[in-house]
Amino acid sequence: MKDLEILAPAGGMPQLVAAVRSGADAVYVGLKKFSARASAVNFDENELVEAVKYCHTYGVKLHVTLNTLVYENEYNELFDSVRQICETGADAVIVQDLAVAKYIRKACPDISLHASTQMAIHNAEGAREAYRLGFSRVVLARELSLEEIRNIRKNTPEELELEAFVHGALCMSVSGRCELSAMLGGRSGNRGACAQPCRLDFSCGKMHSCLSLKDMSYILQINELRDAGICSIKIEGRMKRPEYVAAAVNACVSARDGAAPDTELLKNIFSRSGFTDGYLTGKRTRDMFGIRTKEDVEASKASLSKTSELYRRERQRVPVDFELFVSEKEIKLSVSDKINSAFAISDVENTGADPTTAIDEAFASSFLSRLGGTPYILNSVKVTNPDALSVRASVINSLRRDVTEKLSALRAESVKYTFALPQIEKYPKKAVGKTEIYVKTPAWEKISSFADKADKIVLPIDEILSNKSEITQKLGDLSKIAAEIPSLVYNFEALNEKINDIKALGIKTLFCDNIGSVTFARERNFEIIGGFGLNIVNSDALCQYAEMGVNEATLSPEIPLSAVKELTGNTKIGLFAYGYLPLMLLRSCPVRAAIGCEKCRGNGEITDRLGIKFKVVCHNKVYSELLNSVPHYIGDRKLPVDFALLSFTKESGEECKKIFKAFTHGEKISKRTTGLYT
């Protein structure tokens, strides 16, 4: 199983050292900017140089995160971050924003690109699209089951590497699809500033902390993940202490090597009432939920000293071969790690001519094997001593120290990438005229009385098929209907027949909220409207999605209107202009865990500690949406976009009609939030 990479987190240099000494094959770190863990210590440019040197000396790879959404006025800082990464010789960059990926390819085409879990890639279609865009590795969504991982591997190119999280904290929401922190406190998870409000006491029925999941741990299933096609197992925790990193890496190494990992130590060092493997096994029950208890904290304190022993010494992990040549002219010691070589020479006065003490492999090995405190472990020794000369032990020791230091210096000097400052792409200036109104709803009956007044209507596929006669009678034809692909689709096979039925009705447009859905739609020759789940906040991401077939795109609800006005290009753009914004996409439903599906009937709710209620809407028991407690509404503003998306969910038909009328007249409504559209 040595081919299975163990990838460890490091929020600072102490954690990085702990990871390497504990046996990690790769480490991922963040810079001071554009990191999804902005509250970690992270690395400045000089620290990154030292981190890369240290890792590469020990044969460990170093990946750098640039995994946040980036606004266009930040491009100069972004390019400087890319320059730093390239000039240090780091091994890969982890990316969420397609604009970031685009400019990295322009600036430094040789460095490896990894698609962050923030891209919410959870199906083979999304993984294939990432590969087509130049990503060499995809960090899969954490909510996948083992069977779903197998299916992705089966239906993606062999060259595409798949990485999966195996240990650490679980976000309640699908990564990249959480707006809870941004909307409740102005701290965006997509910008690295999540305040973790989900760990507060939300309740459902008698169940408290119903948005707090236990930490995941799949360490005992490492073999199964490897067999399913995973090449790298990832530990979450760039905010954690070095002891946590050491314990998690050590457990992964033990499991990979066929030994029993110390799961009790792992639990004690950090857990939330234990661990869960509910996503991997498909058992998404109440047992997945947990909080950090007083007992957990006390167990952590008691385990710190024991855990620090795991990384107190440098780990010898790089096999080396020595060659010692002894003659009357010189003593020469060479060392090689199969790639790099170094040598040192000592004076002949350090030799003797006594054949009874002539140096041989056994004698030399006893001293050349003393490699403690270095990355090296002795693989072989060859001695050439034609004159049967003896050499003092102190000379061999001195030569050993000399050549290993030289070898370490060679290993620390990474292959530097060529960096070329990219030119910022220029697109045609947008000319926005009258803002059209698009209406999105799960139920036709909610909007049937005024549907003919909307410019476009987005409906679920099943709703269209069930009401095709009524819709046709109201609208005359289905030309302005777009069929909605669910936000999360783990296997598209079940949709194929329905998609054919939709196409037979003459519907030409699909509404897609994920990169995998975009691929699915394009491969079937549909026009595409992108949902806000694509997380678009800049012109370059708009362009990238346009090249994928997205000719209309709903922007991220986190984008300020001032940034919207600066967007360029030919893609039609829109805003989430009305609706109870989905704050989370949930695969482990808190309402199902608390009261069961039979009592919920697809329309449950949870309550925060202030008594505010939030609806949880079920989507065919595949996933749920946690809706904001108040609706977004910006109908009284002049919008610099081509279309405004009105999303009706829990409103009655009469309420929908009133809101639509108010929006078309530019009126205010009594209860609303404008979100981050400032």
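Residues numbered from 1 in each chain as written. Predicted model: local features only at pLDDT ≥ 70, side-chain atom pairs only at ≥ 80, totals over all residues. Heavy atoms only, no water.

Draft legend 1. Focus on the environment of Thr678. Inspection of the secondary structure puts Thr678 in the segment after α23 (653-664). Along the backbone, Thr678 and Leu561 are 117 residues apart, and their C-alpha atoms lie at a distance of 6.0 Å. Ignoring anything within four residues of it in the chain, the contact list for Thr678 reads Pro560, Leu561 and Ser562. (Helix = DSSP H or I, 4+ residues; strand = E, 2+ residues; numbered from the N terminus. Contact = heavy atoms within 4.5 Å.)

Draft legend 2. View of empty space enclosed by the protein. Applying the stated criterion to the full structure yields two cavities of 30 Å³ or more. Around the largest cavity sit 16 residues that line it, and Met119, Gly533, Leu534, Asn535 and Tyr545 are the ones nearest its centre. Around the second largest cavity sit Leu140, Ala141, Arg142, Leu144, Ile149, Ala164, Phe165, Met216 and Tyr218, which together line it. (1 Å grid on protein atoms, 1.4 Å probe; cavity = no way out; pocket = protein on both sides within 12 Å on 5 of 7 lines; lining within 4 Å. Points joined across faces, edges and corners; volume = space filled by probe spheres on them.)

Draft legend 3. Examining the pattern of salt bridges more closely. Summed over the entire model, instances satisfying the criterion amount to 44 salt bridges. Close ionic contact of Arg37 with Glu236 constitutes a salt bridge, the shortest N to O distance being 3.9 Å. Residue Arg37 is found in the loop between β2 (26-30) and α2 (45-57), and its partner Glu236 is found in the loop between β11 (232-235) and α9 (242-256); the two are separated by 199 residues along the sequence. On the basis of relative accessible area, Arg37 is assigned to the partly exposed category, the value being 25%. Salt-bridge contacts for Lys456 lead to Glu552; the nearest nitrogen and oxygen are separated by 3.2 Å. In this pair, Lys456 sits in strand β20 (residues 456-460) while Glu552 sits in strand β24 (residues 550-554), placing the two residues 96 residues apart along the sequence. Among the ionic contacts, a cluster of salt bridges with common partners joins Glu5, Arg137, Glu161, Glu163 and Lys234. (Salt bridge = Lys/Arg side-chain N within 4 Å of Asp/Glu carboxyl O. Buried < 20%, exposed > 50% of the residue type's maximum accessible area, 1.4 Å probe, protein only.)

Draft legend 4. Unusual backbone geometry, seen in detail. One non-glycine residue, Ser209, lies in positive phi territory at about 50°. Classification of Ser209 as buried rests on a relative accessible area of 12%. Notably, Lys621 is not glycine yet its phi reads approximately 60°, a positive angle. Checked against the element boundaries, Lys621 lands in the loop between β28 (613-619) and β29 (623-627).

Draft legend 5. Structural detail: the packing of aromatic side chains. Within this structure, the stated rule accounts for 15 aromatic pairs. Each ring, one from Phe532 and one from Phe576, has its centre 5.5 Å from the other, and the planes form 80°; the classification is edge-to-face. Of the two residues, Phe532 is situated in the loop between β23 (527-530) and α19 (539-547) and Phe576 in strand β25 (residues 572-579); the sequence distance between them amounts to 44 residues. For Phe532, a relative accessible area of 8% puts it in the buried group. Given the relative accessible area of 2%, Phe576 is considered buried. Following the ring pairs from residue to residue traces out a cluster consisting of Phe450, Tyr578, Tyr633, Phe648, Phe660 and Phe663. Directly above the aromatic system of Tyr244 lies the positively charged group of Lys240, at a separation of 5.1 Å from the ring centroid. (Phe/Tyr/Trp six-rings, centres within 6.5 Å; stacked < 30°, edge-to-face > 60°. Lys NZ or Arg CZ within 6 Å of the ring centre and 35° of its normal.)

Draft legend 6. Looking closely at the sheet that holds strand β13 (residues 318-326). Read across the sheet, four strands follow the order β15-β14-β13-β17 without closing on themselves; strand pairing throughout is mixed. Each edge of the sheet is formed by a strand with only one pairing partner; in this case those strands are β15 (341-346) and β17 (376-384). The average angle at which neighbouring strand axes cross in this sheet is 20°, direction not considered. Pairing between β13 and strand β14 (residues 331-336): six bridges, direction antiparallel. Paired with Val326 across the two strands is Ile331, which belongs to β14. Against the sheet, helix α14 (residues 393-412) engages β13, β14, β15 and β17, with an angle of about 150° to β15. (Pairing = 2+ DSSP bridges. Axes fitted to C-alpha atoms, helices over the stretch in contact; angles between N-to-C directions.)

Draft legend 7. Spatial organisation of the layout of surface pockets. Estimates place the volume of the largest pocket at around 970 Å³. Looking at the largest pocket, it is lined by 41 residues, and the ones nearest its centre are Pro460, Pro486, His619, Asn620 and Tyr623. When residues of the lining of the largest pocket are traced back to their parent elements, those giving at least two are α15 (461-466), α17 (493-504), β28, β29 and β31 (643-647). Here the lining of the largest pocket is built from residues that sort into 20 nonpolar, 11 polar and 10 charged. Space inside the second largest pocket adds up to approximately 730 Å³. When its residues are assigned to classes, the lining of the second largest pocket shows 18 nonpolar, 14 polar and nine charged. (Nonpolar A, V, L, I, M, F, W, Y, C, P; charged D, E, K, R; others polar.)

No statement about biological role is implied by the geometric values presented.
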